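Here's the letter readout for the chains.
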Amino acid sequence: DEAETGDHTDEVLVHLFQWNWNSIAAECAEYLGPNGYSGVQVAPPQEHVVVPESEEDDRGQVGEYPWWQDYQPVSYQLDNTRRGDADDFQNMVDTCAEHDVKIYVDAVINHMTGPGDGVGSNGTEWEQYSYPDLFGDGTASFDYDDFGPCWREIEDWNDRDEVQDCELLELADLNTADPDVRAPVIDYLAGLVNMGVSGFRVDAAKHIQEEHLEAMIDALPAVPDGYPGAGEQPDFFHEVYGDATIPYTAYTPYGDVTNFDHQANVAQSFREGQIADLGDVGTPGGLAANEATVFVDNHDIQRDGHSDGKELLTYHDGERHYLATAYLLAHDYGTPKVMSSYDFELDGGEAEGPPNHEPQDGNPAGALTADTDCDSEDWICEHRAPMVTGLVTFSNHVGAAPVTSATSAGDGRLAFDRGEVGLAAFNATGEAWEATLATNLDDGEYCDLAQGPLGADGSCAGDTVTVADGEVHAQIPADGALALATPCEGDQC
Ligand code: LM2
Ligand code: CA
C-alpha cells in the first residue's frame, strides 16, 4: 500500500535525461540539493547494446549511437555504460545523498534486447534470447526458455495476456512468471538499493504482470542508513499508459503511476490557452492525487508527440512550456517530474544521441556522454529555468496544503490558493494580465517566486508583491506566472 512504498506527494523529481553519473553528482551538489529538488530519475544503469547506426525504425528515425541503446539490456553489469562505471555510479548516489537528493533508477526489467546479436557496452557477447553473463561473474544468465510463453511481438493490444507476455517493439520479453527469471532481476534491483538507490521508475511496467512485479518489489531490502528514505522500502513509480485493457489503477497497489491522461490534458490546455478549468483536475485516469506522477512531457513524448502534436508541449515551444511546468509544480495533484533535455532536432533527428555520442579512444559504447554544461546550447536544463526552480521553492513551502479558491479570468488565466500559505496565478495568453486576486494569504510582502528562487540570504529574485486586505494587485506578464508562498507549518502541510 501507499505507506509501504512511500507517500511522496511532497517530492519534486527531475529527469536528467542521458546525463552521465559524474554530471549528476555535480548537479546534486550545486543545484538540486540547494534548490529543493528531492529526487533524480537517472538513465538505465545496466550494460546495454551498442548501435553504431540504427536501421530506420517504424517512425522513420535513424541514429548513430541513439539514446535508446540504454533500453536494451545485455547484462546487469554497471561498468562501461555511456554514463560511466560502477564506481562513478556509487559516487553519484553518495554525493546526491549528502545533499538529500534521492536517486531513482530507470529499471528496464520487462525485456532484454531486440533482434540480432552483438557485443554489449561492457564487452558481453549477446544474441537475442541469449544473455550469458548477467553479473559478470558467471553466476546467472538468461536463455531461450526464459522468454516464453509468447516469443513474438504484441499484436492485439486489447488482450491483456498478450500485452504482458508478448514482445514490445520485438524486445525479448522476460518470462517473469518464472521465479528463476525473477531471481536475477531481484538481485539487480536489490544490489542498487544496497548501493543507496532510494527508488525506481519501472520501464514498461504495464507489460509486466502486476503480481510478478509485486513479488519482485516485495523481495527488496530497505534503503540503507545514510541514504534518503533510510529504513524504508524503496519508492516506485510505474510507467503505465492506462487504457481499457490495463488501467492505471492496476498498478497503484505497488507505487505511484505515470499519468499520461493528465499529461495530455495539461499540455493541450496550455498549448491552446484554455486553462481556466485546471484548478479542479479531478482524478484523471482514475488516479488519486497521491497515486500519480505528473509531467508536461517526457523523453518519449518529446520525440513522438501524439494526437498530431496537440498534446505535445516541450522546450521547443518556449515560455508556454515552462508555464505548464510551473503549473504542475504549484498544483496539489500528483508528484511532479520535471523533464530536463539535451537539445535535439525535432525533424529527422529524433533518434540522435546525447552530446558527444561518437565513439572515442576505442570505447565501443559510443563514448562516455559529454559532461553536462547547462550554459552550452547542447543542454537545455529546463529544471534550471528561474520560473521552474522558483516554483520548486513554492512547492516545498506549501507542502500538502490543498488547492482552494480557484478562479479564472477568461479562458487563458487561472489563479488558486494553496490553503492559507500560497497563491499562484498563470497567464497562458499573449497579453499581460493586470490582475486583482483575492487570497487567503496573510497581509504582507512576498517574493514573487515565479521570477526565481530565493537567494541564499533569503532575498527575492525579482519583485516583491504586497498582500493587503486579502488582495493582491499585480501585473502578470504574457506567458508568465505569479507565485507567493510562506513556509507551511501545522496541520495542513
Ligand atoms: C519505454 N517505456 O515503456 C521507454 O520509455 C521507451 O523509451 C523505450 O523505447 C521502450 N519502453 C522500451 O524500453 C525506446 C525507443 C525505441 C527503441 C527502444 C529499445 O523509443 O525506439 O526501439 O527504446 O532500444 C528500437 C527501435 C525499434 C526496434 C527496437 C528493437 O527503435 O524499431 O523494434 O529497438 O530492436 C524492432
Ligand atoms: Ca512482459
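Rules used throughout
- Residues numbered from 1 in each chain as written.
- Chains lettered and ligands numbered in written order.
- Predicted model: local features only at pLDDT ≥ 70, side-chain atom pairs only at ≥ 80, totals over all residues.
- Heavy atoms only, no water.
- Helix = DSSP H or I, 4+ residues; strand = E, 2+ residues; numbered from the N terminus.
- Rg over C-alpha atoms; globule rule 2.2 N^0.38 Å.
- Buried < 20%, exposed > 50% of the residue type's maximum accessible area, 1.4 Å probe, protein only.
- Contact = heavy atoms within 4.5 Å.
- Lys, Arg positive; Asp, Glu negative; His and termini not counted.
- Charge placed at Lys NZ, Arg CZ, Asp CG, Glu CD.
- Pairing = 2+ DSSP bridges.
- Right-handed = clockwise from strand over helix to strand, strands pointing away.
- Donors = N, O, S within 2.8 Å, 3.2 Å for Na, K, Ca; no water.
- Salt bridge = Lys/Arg side-chain N within 4 Å of Asp/Glu carboxyl O.
- Domains from an automatic or database assignment.
- Expected span 1.5 Å × (residues − 1).
- Polar contact = N/O pair within 3.5 Å; in protein donor to acceptor, adjacent residues only side chain to side chain.
- Axes fitted to C-alpha atoms, helices over the stretch in contact; angles between N-to-C directions.
- Phe/Tyr/Trp six-rings, centres within 6.5 Å; stacked < 30°, edge-to-face > 60°.
- Lys NZ or Arg CZ within 6 Å of the ring centre and 35° of its normal.
- Parallel < 35°, antiparallel > 145°, perpendicular 65-115°, else oblique.
- Left-handed = near helix turned anticlockwise from the far one by under 90°.
- Nonpolar A, V, L, I, M, F, W, Y, C, P; charged D, E, K, R; others polar.

### Notes on the overall build of the chain
Within the chain one finds 10 helices and 18 strands. Taken against the 2.2 N^0.38 rule, which gives 23 Å for 493 residues, the C-alpha radius of gyration of the chain at 22 Å falls within 12% of a compact globule. Overall, the C-alpha framework of the chain stretches about 70 × 45 × 45 Å when taken along its three principal axes. Expressed as a percentage of the 493 residues in the chain, the buried residues total 59%. The contacts in the chain between residues at least 6 apart in sequence include a share of 71% that link residues at least 24 apart. Within the chain, one finds 17 positive and 98 negative side-chain charges whose respective centroids are separated by 5 Å.

### Examining the pairing of strand 7 (residues 235-238)
The alternating pattern of strand 7 places Asp235 and Phe237 and Phe236 and His238 on opposite faces, both of which are buried. Note: strand 6 (residues 199-202) against strand 7, 4 bridges, orientation parallel. The partner of Gly199 across the bridge, within strand 7, is Asp235. Crossover handedness for the path strand 6 to helix 6 (residues 210-218) to strand 7: right-handed. Two strands pair when backbone bridges link them, and strand 7 and strand 8 (residues 256-258) are joined in this way by 2 bridges, in the parallel orientation. Looking across to strand 8, one finds that Phe237 is bridged to Asp256.

### A word on the coordination of the calcium ion (ligand 2)
On the protein side, the calcium ion (ligand 2) has Asn110 (OD1), Gln164 (O), Asp173 (OD), Asp173 (OD) and His207 (O) as donor atoms, found 2.3 to 2.7 Å from it. Coordination of the calcium ion (ligand 2) draws on donor residues from a single chain, spaced N-x53-Q-x8-D-x33-H in sequence. This pair shows no difference in class: Gln164 is buried, exactly as Asp173 is.

### A look at the pattern of salt bridges
All told, the structure shown has 14 salt bridges when counted by the stated rule. When the shortest N-O distance is used, the salt bridge between Asp235 and Lys102 registers 2.8 Å. Residue Asp235 is found in strand 7, and its partner Lys102 is found in strand 3 (residues 102-107); the two are separated by 133 residues along the sequence. The pair formed by Asp235 and Lys102 is uniform in burial state, with each residue classed as buried. A salt bridge links Glu162 to Arg152; the shortest N-O distance between them is 3.0 Å.

### Regarding the domain arrangement of the chain
Segmentation of the chain into domains returns domain 1 (2-259 + 334-384) and domain 2 (399-485). The C-alpha centroid of domain 2 is placed 37 Å from the C-alpha centroid of domain 1.

### Comments concerning helix 7 (residues 260-272)
End to end, helix 7 covers 18 Å across 13 residues, agreeing with the expected 18 Å (1.5 Å per residue, within 8%). Along helix 7, the residues that are buried comprise Phe260, His262, Gln263, Ala264, Val266, Ala267, Ser269 and Phe270. Taken together, the buried residues of helix 7 touch strand 8, strand 9 (292-294), helix 8 (301-304) and helix 9 (319-330). Capping of helix 7 at its N-terminal end is provided by Asn259; its side-chain oxygen lies 3.1 Å from the backbone amide nitrogen of Asp261. Where helix 7 ends, the next residue or the one after it, Gly273, has phi of about 70°, a positive value.

### Some points on the sheet that holds strand 9
Pairing is parallel in the closed barrel, where 8 strands are placed in the order 1-2-3-6-7-8-9-10. Sheet twist, expressed as the average angle between the axes of neighbouring strands with direction ignored, equals 30°. With 4 bridges joining them, strand 1 (residues 13-16) and strand 10 (residues 335-340) adopt parallel strand pairing. Bridge assignment links Leu16 to a residue of strand 10, and that residue is Ser340. On the sheet, helix 2 (residues 21-32) packs against strand 1, strand 2 (39-42) and strand 3 and is oriented at approximately 165° with respect to strand 2.

### Description of the packing of aromatic side chains
Per the counting criterion, the structure on display carries 24 aromatic pairs. With a centroid separation of 6.5 Å and 15° between ring planes, the pair formed by Trp126 and Tyr131 is classed as stacked. Taken as a pair, Trp126 and Tyr131 share a single burial class, namely buried. A ring pair is formed by Tyr241 and Phe260, whose centres lie 3.7 Å apart and whose planes are at 10°; its orientation type is stacked. Here the residue Tyr241 occupies a position in the loop between strand 7 and strand 8, and Phe260 occupies one in helix 7, the gap between them amounting to 19 residues. Judged by relative accessible area, which is 38%, Tyr241 ranks as partly exposed. Aromatic ring contacts, followed pair by pair, group Tyr76, Trp126, Tyr129, Tyr131, Phe135, Phe142, Tyr144, Phe147, Trp151 and Tyr188 into a single cluster. Positioned above the aromatic ring of Phe344 is the side chain of Arg303, whose terminal nitrogen or guanidinium carbon lies 4.2 Å from the ring centre.

### Observations concerning the side chain of Lys206
Looking at the element boundaries, Lys206 is found in the loop between strand 6 and helix 6. By relative accessible area, Lys206 is classed as buried at 7%. When residues no more than four places from it in sequence are discounted, the contact partners of Lys206 are Val163, Gln164, Glu239, Val240, Tyr241, Asp243, Ile246 and Tyr251.

### Examining the sheet that holds strand 16 (residues 464-468)
Strand pairing in a sheet relies on backbone hydrogen bonds, with the paired strands running either antiparallel or parallel. Here 4 strands make up an open sheet; going across it, the order is 14-17-16-15 and the pairing antiparallel. Lying at the two open borders of the sheet, with one neighbouring strand each, are strand 14 (433-438) and strand 15 (444-447). Across the sheet, the axes of successive neighbouring strands diverge by a mean angle of 30°, strand direction being ignored.

### Section: the packing of helix 7 against helix 9
Interhelical geometry of helix 7 versus helix 9 gives an angle of 130° and a closest axis separation of 10 Å. Classified by the interaxial angle, the pair formed by helix 7 and helix 9 is oblique. Like other packed secondary-structure pairs, helix 7 and helix 9 cross with a definite hand, here right-handed. Contacts from His262, Val266, Phe270 and Arg271 of helix 7 reach helix 9 at Arg320, Leu323, Ala324, Tyr327 and Leu328. Class assignment for the residues of the contact of helix 7 with helix 9 results in 6 nonpolar, 1 polar and 2 charged.

### Examining helix 9
Taking 1.5 Å per residue as the helical rise, helix 9 with its 12 residues ought to reach 16 Å, and the 16 Å between its terminal C-alpha atoms agrees with that figure. Buried residues dominate helix 9, accounting for 11 of its 12 residues. Of the residues making up helix 9, those classed as buried are Arg320, His321, Tyr322, Leu323, Ala324, Thr325, Ala326, Tyr327, Leu328, Leu329 and Ala330.

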